[in-house]
Amino acid sequence: MRNRKARLAGVAGALAVVAGLAVPAYAQAPAPATVAATVQRDAPTVYGRAAVLMDASSGEVLFSKHAGERMPIASLTKTMTAYLVLKTAKPSDMVQIKSADVAYAEDGGGTTADLRPGDRLPVGELLYGLMLPSGADAAHALARTYGPGVDGFVAKMNTTARELGMNDTHYVNADGLPTPKGDGYSTARDQAKLSAEALRNPLIKKVAGTARHSVDADGEHRSYSWRNTNRLLGTPGAIGLKTGFTRAAGFCLAFAGEHDGRRLVGVLLDESVSSRRFTTAEELLSWGATRQAA
């Protein structure tokens, strides 16, 4: 009887994922090993705590490992920040950097884009500072400006998550840093949904797939140069998307690739070895492309 319930739960969960629906509690039970072996035949070994690989167009889940488990996602949070900003702002809109933006990143121990107070940068350029070096200062500046206010922006992030069907996600800030009140959380499945949606924006796709970006000084700001932390770039077909790390979240990666006109998106959460998330992502994309062609 128990095995029968587990089988039903696994089937219900899979159908809900493909349909883009919220997965009820009873359907979050892990699928039996026999079912997993059938669905994920010959899949690469995934060492991280959770992972998912899906077809961005159809929503078909090709690989799943604890994909519905809620956990911290570190700087993968910034993908939602970029996506939400571009829902209202134009790339040419100007954002003024304030001392509070810089202090927030430094005091929180986050990675920064080395922004300087007083500089005014276009949103389109600031997104590179957000996504490539994973600047918490850039995230704070954007959230403060387009909330308006950081709290207002975070509320919009959570509203947008619900609109996208990300029903197991809760944001507490725009950058993914731990807070005294606790971390936000999401799931590999929810982050894959967001990745697929965010990459439909041409600017996000361009920014996420850029290895290096420089901004020349002008009358509004000083010069900047940023390097992408995503070592998957350069792999044939890879197009981004975002790295992340905190002690609580481990090493995380939202990634995507294109093969024969099809786009696959994936998420790895709580990997213990930084470099291994990139090789695992490459292996999953290669494996997924083979399954698409089968």
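All of the points below concern the structure found in this document. All residue numbers refer to position in the chain's written sequence, counted from 1. Only residues with pLDDT of at least 70 get local features here, since the model is predicted, and only at 80 or more are side-chain atom pairs given and counted; chain-wide, interface and lining totals rely on the full set of residues. Side-chain figures throughout are based on the complete set of non-hydrogen atoms in the structure, without hydrogens or water.

Bringing the overall build of the protein chain into the picture now. Numbering of helices and strands runs from the N terminus, with a helix taken as a DSSP run of H or I at least four residues long and a strand as a DSSP run of E at least two residues long. A count of helices and strands for the protein chain gives 10 helices and nine strands. Going through the 294 residues of the protein chain one by one, you find that 51% of them count as buried. Only the protein chains shown count as cover for residues, with accessible areas throughout obtained via the Shrake-Rupley method and a probe of 1.4 Å. Total accessible area on the protein chain stands at roughly 13300 Å², and carbon and sulfur atoms take up 52% of it. Buried, partly exposed and exposed residues are distinguished by accessible area as a fraction of the type maximum, computed with a 1.4 Å probe on protein chains only: under 20%, between the cut-offs, and over 50%, respectively.

Now for the nonpolar core. The nonpolar core is taken to be a set of buried Ala, Val, Leu, Ile, Met, Phe, Trp, Tyr and Cys residues, with the residues joined through side-chain atoms within 4.5 Å. Residues Leu115, Leu126, Leu127, Tyr171 and Leu269 are the most contacted members of the largest nonpolar core, which totals 64 residues. Not counting residues up to four positions away in its chain, the partners in contact with Tyr171 are Ile73, Thr77, Met80, Val154, Met157, Asn158, Ala161, Met166, Gln191 and Leu194. Within the second largest apolar cluster, 16 residues are counted, among which are Val46, Leu62, Phe63 and Leu268. By the convention used here, residues are in contact when the closest approach between their heavy atoms is within 4.5 Å.

For Phe, Tyr and Trp, rings pair up if their centres lie within 6.5 Å, where Trp contributes its six-membered ring, and each pair is then called stacked (planes under 30 degrees apart), edge-to-face (over 60) or tilted (otherwise). This structure, assessed with the given rule, holds three aromatic pairs. We call a charge positioned over a ring when the NZ of a Lys or the CZ of an Arg lies within 6 Å of the ring centre and within 35 degrees of the ring normal. When the ring centre of Tyr224 is taken as origin, the NZ or CZ atom of Arg116, which lies over that ring, is 4.7 Å away. We note Arg276 situated over the ring of Tyr47; from NZ or CZ to the ring centre the distance is 4.1 Å.

Here we come to the pairing of strand S2 (residues 61-65). Paired strands, as defined in this entry, are two strands with at least two bridges between them according to DSSP. Relative to S2, strand S1 (residues 50-55) runs antiparallel, the two being bridged by four bridges. Along S2, the bridge assignment pairs Val52 with Ser64. What sits between S1 and S2 in their antiparallel hairpin is a turn of five residues, with Gly59 showing a positive phi close to 80°.

Turning our attention to helix H6 (residues 136-146). Counting buried positions along H6 yields 10 of 11 residues, so the element is predominantly enclosed. Buried residues of H6: Ala136, Asp137, Ala138, Ala139, His140, Ala141, Leu142, Ala143, Arg144 and Tyr146, and no others. Of the surrounding elements, those touching the buried residues of H6 are helix H3 (77-88), strand S3 (94-96), helix H4 (99-108), helix H5 (123-131) and helix H7 (150-163).

Mapped onto the elements of the fold, Thr77 is located in helix H3. The buried category is assigned to Thr77, whose relative accessible area is 4%. Setting aside anything within four residues of it in sequence, one finds Thr77 in contact with Met157, Tyr171, Asn173, Ala174, Asp175 and Gly176.

With respect to the helices and strands, Met157 occurs in helix H7. On the basis of relative accessibility, which here comes to 0%, the residue Met157 falls in the buried class. In this structure Met157 touches Thr77, Met80, Thr81, Leu84, Tyr171, Asn173 and Ala174, once residues within four positions along its chain are discounted.

It is worth spelling out the sheet that holds strand S8 (residues 250-259) at this point. Across the sheet, which stays open at both edges, the five strands sit in the order S2-S1-S9-S8-S7 with antiparallel pairing between neighbours. Unpaired on one side and paired on the other, S2 and strand S7 (238-246) mark the two borders of the sheet. Within this sheet the neighbouring strands show an average axis-to-axis angle of 5°, counted without direction. All axes are obtained by fitting lines to C-alpha atoms, using only the stretch in contact for helices, and the reported angles, taken between N-to-C directions, cover 0 to 180 degrees.

This next bit is on the packing of H6 against H7. Contact pair H6 / H7: the axes reach a minimum separation of 7 Å and the direction vectors enclose 90°. Taken together, the axes of H6 and H7 are roughly perpendicular relative to one another. Here His140, Leu142, Ala143, Arg144 and Tyr146 of H6 come into contact with H7, specifically with Val150, Phe153 and Lys156. Tallied by class, the residues present in the contact of H6 with H7 amount to five nonpolar, one polar and two charged. With respect to orientation, any angle under 35 degrees is reported as roughly parallel, any angle over 145 as roughly antiparallel, any angle of 65 to 115 as roughly perpendicular, and every other angle as oblique. Basically, the charged four are Asp, Glu, Lys and Arg, the nonpolar ten are Ala, Val, Leu, Ile, Met, Phe, Trp, Tyr, Cys and Pro, and anything else, Gly included, counts as polar.

Take a side-chain nitrogen of Lys or Arg and a carboxyl oxygen of Asp or Glu: if they are within 4 Å of each other, that pair is a salt bridge. The tally for this structure, following the rule as stated, stands at 11 salt bridges. Ionic pairing is found between Arg222 and Asp119, a salt bridge with its closest N-O pair at 3.1 Å. One end of the pair, Arg222, is in the loop between strand S5 (212-215) and strand S6 (224-227); the other, Asp119, is in the loop between H4 and strand S4 (120-122), with 103 residues separating them in the sequence. Residue Arg222 is classed as partly exposed on the basis of its relative accessible area of 40%. Looking at Asp119, the relative accessible area reads 4%, which means it is buried.

A word on the packing of H4 against H6. Remark: H4 packs on H6, axes separated minimally by 8 Å, with the N-to-C direction vectors making an angle of 135°. Here H6 runs oblique to H4, going by the angle between their axes. By crossing handedness, the relation of H4 to H6 is classed as right-handed. Touching Ala100, Asp101, Val102, Tyr104 and Ala105 of H4 are Ala136, Asp137, His140, Ala141 and Arg144, all from H6. Grouping the constituent residues of the contact of H4 with H6 by class yields six nonpolar, one polar and three charged. Two helices cross in a left-handed way if the nearer one is turned anticlockwise from the farther one by less than a right angle. They cross in a right-handed way if the turn is clockwise.

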